[in-house]
Amino acid sequence: MTWALRSDETAAGTYEHPAGRHDLRVAIARHIGISRGVRASADDIIITNGTQQALDILARVLLASGDGIAVEDPGYGPPRQLFKALGLRVVGVPVDRQGLVVDALPRGIRAVYVTPSHQYPLSVTMTLPRRQALLAWAEQNNAAIIEDDYDSEFRFGGRPLEPLQTLDAKGRVVYVGSFSKTMLPTLRLGFLVTPPSLRAALHKAKFVSDWHSSTLTQAALARFLDEGAFARHVRRVSAVYRERHKILADAITRDFAEHLELIPSTSGLHLTALARRMSADRIAEIARRAADRGVAIQVLSRFAVSAIPRAGIMLGYGAIPTAHIEEGLHLVRACFDSGPQCL
Ligand SMILES: Cc1ncc(COP(=O)(O)O)c(C=O)c1O
């Protein structure tokens, strides 16, 4: 960043193209090609202020007030709030072990927002048949798919499935990525990969929104990627996250078996477990008690779109020091058992 501030080029004081710095777009195209198999050139990339702005400009270009957009239920909240604020009709569609239930998509939907690599919050990966069914559905219904791939750089086993964007032969998928999980959410840097048909309209939408994202942070990130520092950083933190993932997954299967069923997952920064018998209200009560004692667990009911929330918990391990996990789990276990530590 210091380098970017001192550089003559970024200090020149001229506006950038709305799509963002060319060097960063080249670096991102290379990175997603290698790490996720996404086929994209620098011209297909638009740099945004995080996923949230990518979704904002996409919704403005693809949809008009009153149009229907399908979201996963349960699902990530901020996009839902955004779509509602734009006057869209937001429809929750259930998620099962194979990902979004394509057969449950209602008629009259113009776009679908999905997290196929690592569903948020359930952690399932959308299977290949489901991916194909979703693409076929979008073609039949003349709808767009927004693929949010926010944390799949962190993989702890298995081979990743091809993104929808790569499987798509009809230009219906817009792929969205973010540096919030790999780097820092405070950077506010993300990107989208546009099909050629939407490119000009998306450039305009980004321009009227804020002209372009901060050139300084873009320059610093481009250099970080180009010098290989980003790849080294991801490799280093992946080893840390892998260990946390294993500690948590082992503990849930071993120590919480009578209460929780772990949803298997091999990527990302969170794990999810469904309650075997407890109600969503009871789980919420346990989470409240754990929070009062300094341990944060997220309840699945928080992510519900429909009136009937699922009972379960989501454990994020991006921010908790590895050495504190066992102690935290011990307390959560006491809360599940109404033990003396958690009364
Ligand atoms: C499902 C999902 N998508 C995207 C993001 C990143 O959003 P942004 O890039 O706006 O910070 C997150 C962060 O928590 C997320 O959970």
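Residues numbered from 1 in each chain as written. Predicted model: local features only at pLDDT ≥ 70, side-chain atom pairs only at ≥ 80, totals over all residues. Heavy atoms only, no water.

This part is about the packing of helix 3 (residues 50-62) against helix 4 (residues 77-85). Direction vectors running N to C along helix 3 and helix 4 enclose 30 degrees, while the axes themselves pass 10 Å from each other. The orientation of helix 3 relative to helix 4 falls into the category roughly parallel. Viewed along their axes, helix 3 and helix 4 form a crossing whose handedness is right-handed. Seen from helix 3, the contacting residues are Gln52, Leu55, Asp56 and Ala59; seen from helix 4, they are Pro78, Pro79, Leu82 and Phe83. Partitioning the contact of helix 3 with helix 4 into residue classes produces six nonpolar, one polar and one charged. (Axes fitted to C-alpha atoms, helices over the stretch in contact; angles between N-to-C directions. Helix = DSSP H or I, 4+ residues; strand = E, 2+ residues; numbered from the N terminus. Parallel < 35°, antiparallel > 145°, perpendicular 65-115°, else oblique. Left-handed = near helix turned anticlockwise from the far one by under 90°. Contact = heavy atoms within 4.5 Å. Nonpolar A, V, L, I, M, F, W, Y, C, P; charged D, E, K, R; others polar.)

This part covers the nonpolar core. Core analysis: the biggest nonpolar cluster contains 55 residues, and Ile28, Ile45, Phe179, Phe191, Leu225, Ile283 and Phe336 have the highest contact counts within it. The leading source of residues in this core is helix 9 (residues 229-255), at nine residues. In terms of domain composition, this core takes at least three residues from each of domain 1 (2-227) and domain 2 (236-337). Judged by nonpolar contacts, the second largest core, of 25 residues, contains Ala54, Ile69, Val174 and Ala205. (Core = buried A, V, L, I, M, F, W, Y, C linked by side-chain atoms within 4.5 Å. Buried < 20%, exposed > 50% of the residue type's maximum accessible area, 1.4 Å probe, protein only. Domains from an automatic or database assignment.)

Another aspect to go through is the site of the ligand. The environment of the ligand is formed by Gly50, Thr51, Gln52, Tyr76, Tyr120, Asp148, Tyr150, Ser178, Ser180, Lys181 and Arg188. In the environment of the ligand, an oxygen atom lies 2.7 Å from a nitrogen or oxygen atom belonging to the backbone of Thr51. In the model, an oxygen atom of the ligand is placed 2.6 Å from a nitrogen or oxygen of the Ser180 side chain. Relative to its unbound accessible surface of 400 Å², the ligand loses 91% to contact with the protein. Residue contributions to the shell around the ligand peak at three residues, all from helix 3. Class assignment of the residues belonging to the shell around the ligand gives a composition of three nonpolar, five polar and three charged. (Near = heavy atom within 4 Å. Polar contact = N/O pair within 3.5 Å; in protein donor to acceptor, adjacent residues only side chain to side chain. Areas by Shrake-Rupley, 256 points an atom, 1.4 Å probe, with all protein chains shown as cover.)

Moving on: the environment of Leu248. Following the sequence through the fold, Leu248 ends up in helix 9. Given a relative accessible area of 5%, Leu248 falls into the buried group. Here the alpha-carbon distance between Leu248 and Tyr175, two residues 73 residues apart in the chain, equals 30 Å. With residues up to four places along the chain from it excluded, the contact list for Leu248 reads Leu271, Leu315, Tyr317, Ile325 and Leu329.

Across the sheet, four strands lie side by side as 9-10-12-11; this open sheet has antiparallel pairing. Strands at the two margins of the open sheet, each flanked by one partner only, are strand 9 (260-262) and strand 11 (298-299). Its contacts with the sheet place helix 9 against strand 9, strand 10 (270-275) and strand 12 (312-316), and it is angled at close to 10 degrees to strand 10. (Pairing = 2+ DSSP bridges.)

Before going further, it helps to spend a moment on the domain arrangement of the protein. By the assigned domains, the protein splits into domain 1 (2-227) and domain 2 (236-337). On a C-alpha basis, the centroid separation for the pair domain 1 and domain 2 is 27 Å. Each side of the interface is counted separately: domain 1 has 25 residues, and domain 2 has 27 residues. Contact with domain 2 buries area across many residues of domain 1, yet Arg97, Phe154 and Phe156 alone supply 32% of it, more than any other trio. Taken together, domain 1 and domain 2 are joined by one salt bridge. Notably, a salt bridge pairs Glu261 with Arg97, separated by 3.3 Å at the nearest N-O pair. Applying the counting criterion to the domain 1 and domain 2 interface returns 16 residue pairs in polar contact (both at pLDDT 80 or more). Secondary-structure elements contributing two or more residues to the side of domain 1 that touches domain 2 are strand 2 (68-73) and strand 3 (89-96). Take the side of domain 1 that touches domain 2: its biggest share by element is three residues, from strand 2. (Buried area = accessible area lost by both parts, 1.4 Å probe. Salt bridge = Lys/Arg side-chain N within 4 Å of Asp/Glu carboxyl O.)

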